Amino acid sequence: MNKSFIKHATAALALTLITLGTSGCSDPDPVEHNPAQYDLILTEDANADIGHYKLPQDTSILKEPNAEQIFYGKRLLNETKRLLPDHVGAEMNCNSCHISQGKVPLGDPYINSYNTYPRVMPRSGTEVDLEARINGCFQRSMNGTPLDRESPEMLAMIAYMKWLGQNTPKTQKVAINNAGKVDTSLVADTARGEKIYYAQCAACHGDNGEGLKDSRGDIVFPPLWGDKSFNIGAGMARTYKAAAFIKYNMPMGIQTKGLWGHGNVLSDQDAVDVAEFFAHKPRPDFLGKVHDWPSGKKPKDARY
Amino acid sequence: MRIKKWLPTIIIAGVAGLVLAFALGQLLPTLRTTESGIVVDINDPKLINRGKYIARTADCVACHTTLNGEAYAGGLPMLTPLGAIYSTNITPDKRTGIGDYTFDDFNNAIKHGVRKDNNALYPAMPYPSYQIMPDKDVAAMYAYFMTEVKAVYQPNKDSELPPIFNWRWPLAYWQAIFAPKREFIAEASTVALTRGQYLVEGPGHCGSCHTERGIGFQELALSNAESNAFLGGAVIDGWRAKSLRGEYEGLSTWSTEELIDFFKTGRTDTTSAFGAMAEVVEHSTQYMTEEDLYAMSVYLKALSPTDGKPVYTPKKTDTTTQKLLDGVYDSRGAILYAEYCQICHRADGQGVPRIFPALAGNSAVFSKEADSVLQITLSGGRMPKTPHDRMAFTMPEFSHLSDADIAEVVNYIRNSWTNQASKIDVNDVVRMRHFLRKKPKTGTDIAPNLSINAASKGASHE
């Protein structure tokens, strides 16, 4: 008996036993999409149990009669600077702040936006509709100029937000929060914030807060301060608003949970410290600031 | 009846045969073990240091430590189709570890797969590779383990293998057939190539993941000289430990410098180590000297392509990038990619250097089997942490997608831009998801501690 015969005999025996051992467990059925699901509530009565909202996947846009418009809106929100350079001053896109295409609670989602507006905004003290709200973000967060209210671009963005709302009736609301909470009584330590910035943020947002562009000049990581950042009129320029954003959404790409593997790793103190550090760096002025908070009640972390 | 008459004889013969096989099985290990006659000065600091380095190159810690467990205390499950087996406690604890091992006991376990009690070790321990290590190197490791490794009381766990497979004596036959004694034979004449060959074939035990296994779980080749099945690529723990040979699906697209960068930092400008390889870099190669990294890299680059495999594929022009930029979503895969992946891996599939790996032109993506791509898409993963980059980034899991959509997006990235690869179907996803349910989490599967105090401590958390 030669060695190769033994090899084959042993192998055959092993194979038989393994097949016996593993057979019998046939493949289970394929798994279906398991979307994030949130409760629906009545705008009047938050306790009424009226069903659920399921976060839609973009593939379902294809079923809509205006699919092309919705996809265009989605692209405009994702790549605002590249597609609308004339309206965007900063090196930013709408979805630089509206995390994962506006689909993430606590990440400034658009999930309820279509139904929320028009409403009275505390900052302007007047009633604002969705077009005006979007243009507000163009002028402050994007340090740019407003879109024509009837333009195909404006209509497309709104079409995306409407689709994302999944025809939730006006009287109902998806029970999520747009922004998370941080302890606003915490006192910021800028020096500590700087340390956190260089350890956990600068790899992406740059040592000078300048962000990063790709080889075509398109935004990869938005700047956090300087000429190309959002202006002092943006919500993100306020320490505690920024801290609440950071706590739940930044850094991204650091864990296996969440669409962007983002957030929930910094403590309130960490978030407040790092927010104070970058929010108070130099950034563009906002000329419209004189009209804000006409009735007083200016928040303590406003930049002006 | 004939059979009836013969039955007692058959049974007796069978039992006698089994007894004989058992007896011989007890004997076989003693034929493997050696007496070195070496006296190890375990208190020699230089020896200890050398041993520590060699233990790094042999990556003992990766298999002998559980997530959040004490270093070298064992207990890490290794999944086999028949049940889990657990790595053992190799701390110098006298009751549960290897505290009463002599140097020869230690040497025989590492190089020959024979325990102090003369029982054979499962080949999950890569002794077929370690076998070529010189006794003096193992002696240095012995000094390190006996003095610097903290003794931990932690009893070993029994294997979950069913009877027969959990008997140890048949393993002695396995060893005799599949892991015969072998010596290191240098293939090339340069110092670097020889050192590289030794590290890859021996302590680095790269073949234990990267070489296809035969029907008896043996590696098809333990060295390049044996056959070019060596490092030809294999599936391990649901990852494709891809070919490291010279073909297109192997390392033909890599330069020596890129390999060095990869082993040292766990990433290059276009790729990052993930899955099982992230562990190898995190625990082993990042600690290797420049010379050793260079040696390993030039050796790998010198390996010929696997038989009949092309070194380059016909060029394919990239039409994907422009379509994604223009919002021309011509497949379900494209819509899924744009929604879930594009933010990090980008429209041009180039990722972001040292932050998000490229998918276009990344040999880990278009490797022969899709297992790695499938697993990382379903369960995510973290790059190794090294002191060379400020942060180690993580890919999120996409287990909430349907199996059909996972197949769509995996096929999409494997065949977009200039990539060309085989397709998978929904059943491959079903099987992988099923497999992942049982798989234990490893260090690179979980979120890091990003608190400011943790950040200042750096990479070495062992």
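Everything numeric in this text was worked out from a predicted model, so none of it was measured.

Draft legend 1. Layout of the domain arrangement of chain A. All names here are of chain A. Assigned domains of chain A: these are domain 1 (10-174) and domain 2 (190-291). Relative to domain 2, the C-alpha centre of domain 1 lies at a distance of 22 Å. The partner domain 2 presents 25 residues to the 21 residues of domain 1 that form the contact. Around 1900 Å² of area is buried between domain 1 and domain 2 when both sides are counted, 60% of it from carbon and sulfur atoms. Looking only at domain 1, the three residues that lose the most surface to domain 2 are Glu91, Ile99 and Arg140, adding up to 32% of its buried area.

Draft legend 2. Layout of the nonpolar core. Among the nonpolar cores identified, the biggest contains 116 residues, and Met157 of chain A together with Tyr337 of chain B are the most heavily contacted of them. For this core, the leading source of residues is helix H7 (residues 152-165) of chain A, giving nine residues. With near-sequence residues (within four places) excluded, Tyr337 of chain B lies in contact with Leu324, Gln342, His345, Arg346, Gly349, Leu359, Val409, Tyr412, Ile413 and Trp417 of chain B. Judged by nonpolar contacts, the second largest core, of 59 residues, contains Ala143, Ala179, Phe263 and Leu293 of chain B.

Draft legend 3. Unusual backbone geometry, seen in detail. Residue Tyr117 of chain A is joined to Pro118 of chain A through a cis peptide bond whose omega torsion reads 0°. In this model, Met250 of chain A is joined to Pro251 of chain A through a cis peptide bond whose omega is -15°. Here Pro251 of chain A is to be found in the loop between helix H10 (239-249) and helix H11 (268-279). Unusually for a residue other than glycine, Gln166 of chain A sits at a positive phi of about 55°. As for its placement among the helices and strands, Gln166 of chain A is situated in the loop between H7 and strand S5 (172-174). Notably, Asn118 of chain B is not glycine yet its phi reads approximately 70°, a positive angle. Relative to the elements of secondary structure, Asn118 of chain B occurs in the loop between helix H4 (103-112) and helix H5 (127-130). Residue Asn118 of chain B is classed as partly exposed on the basis of its relative accessible area, which comes to 30%.

Draft legend 4. Structural context of the sheet that holds S5 of chain A. Residue and element names in this part refer to chain A. Strand order in this open sheet of three strands is S2-S1-S5, and the pairing throughout is antiparallel. Each edge of the open sheet is held by one strand with a lone partner, namely strand S2 (52-54) and S5. Neighbour-to-neighbour, the strand axes of the sheet open up by a mean angle of 35°, direction not taken into account.

Draft legend 5. Structural context of the interface of chain B and chain A. Listed as interface residues are 54 residues of chain B and, on the opposing side, 64 residues of chain A. Taken together, the two surfaces of chain B and chain A that pack against each other cover about 4900 Å², and 64% of this comes from carbon and sulfur. Counting across the interface, chain B meets chain A through five salt bridges. Linking chain B with chain A are 17 residue pairs in polar contact (both at pLDDT 80 or more), by the criterion used here. Per-element accounting of the side of chain B that touches chain A gives the leading share, six residues, to helix H14 (residues 332-340) of chain B. Each residue belonging to the side of chain B that touches chain A can be placed in one class, and the counts come to 31 nonpolar, 11 polar and 12 charged.

Draft legend 6. Looking closely at the pairing of strand S1 (residues 77-80) of chain B. All names here are of chain B. By the bridge criterion, four bridges tie S1 to strand S2 (residues 83-86) in an arrangement that is antiparallel. Paired with Thr80 across the strands is Gly83, a residue of S2. Following S1, the chain reverses through two residues before pairing antiparallel with S2.

Draft legend 7. The pattern of salt bridges, seen in detail. All names here are of chain B. For the structure shown, the criterion picks out 39 salt bridges over all chains. Across the salt bridge formed by Glu290 and Lys264, the nearest N and O atoms sit 2.6 Å from each other. Of this pair, Glu290 sits in helix H12 (residues 290-301) while Lys264 is found in helix H10 (residues 256-265), placing the two residues 26 residues apart along the sequence. Note on Glu290: relative accessible area 41%, which makes it partly exposed. Put simply, Arg332 and Asp405 hold a salt bridge, and the shortest N to O gap is 2.7 Å. Taken as a pair, Arg332 in helix H14 and Asp405 in helix H17 (residues 403-414) lie far apart in primary sequence, 73 residues in all.

Draft legend 8. Fine view of a nonpolar patch on the surface. Nonpolar side chains collect at one region of the surface, where Trp6, Leu7, Ile10, Ile11, Val15 and Val19 of chain B lie side by side and expose about 580 Å² of accessible area between them. Looking at where Val19 of chain B falls in the secondary structure, it is placed in helix H1 (residues 2-32).

What counts, and where the lines are drawn
The written sequence of each chain sets the order in which its residues are numbered from 1. By the order in which they are written, chains take letters starting at A while ligands take numbers starting at 1. Only residues with pLDDT of at least 70 get local features here, since the model is predicted, and only at 80 or more are side-chain atom pairs given and counted; chain-wide, interface and lining totals rely on the full set of residues. Note: side-chain values were computed over all heavy atoms of the structure, leaving out hydrogens and water. For the domain bounds, the source is a domain assignment made automatically or taken from a database. Only heavy atoms matter for contacts: two residues are in contact if any of them lie within 4.5 Å across the pair. Accessible surface is computed with a 1.4 Å probe, and the buried area is the amount of it that two parts give up when combined, taken over both parts together. Take the buried Ala, Val, Leu, Ile, Met, Phe, Trp, Tyr and Cys residues and link them wherever side-chain atoms come within 4.5 Å; each set so joined is a nonpolar core. Throughout, exposure labels follow a simple rule: accessible area from a 1.4 Å probe, protein chains only, divided by the maximum for the residue type, with under 20% read as buried, over 50% as exposed, and the rest as partly exposed. Per the convention used, a helix needs a DSSP run of H or I reaching at least four residues, while a strand needs a run of E reaching at least two, with both numbered from the N terminus. Following DSSP output, two strands are said to pair if at least two bridges run between them. Orientation is described by lines fitted to C-alpha atoms, with helices fitted over the stretch in contact, and by angles between N-to-C directions that extend from 0 to 180 degrees. We count a salt bridge whenever a side-chain nitrogen from Lys or Arg sits within 4 Å of a carboxyl oxygen from Asp or Glu. Polar contacts, as counted here, are pairs of nitrogen or oxygen atoms within 3.5 Å of one another; within protein the pair requires one atom able to donate a hydrogen and one able to accept it, and residues that are adjacent in sequence qualify only if both atoms are side-chain atoms. Residues were grouped as follows: Ala, Val, Leu, Ile, Met, Phe, Trp, Tyr, Cys and Pro as nonpolar; Asp, Glu, Lys and Arg as charged; and all remaining residues, including Gly, as polar. Only residues whose relative accessible area exceeds 30% and that form no salt bridge are eligible for patches; like-charged ones are grouped when within 9 Å, while nonpolar side chains (Val, Leu, Ile, Met, Phe, Trp, Tyr) are grouped when within 5 Å. Using a 1.4 Å probe, the Shrake-Rupley method yields the accessible areas, and only the shown protein chains count as cover for residues.

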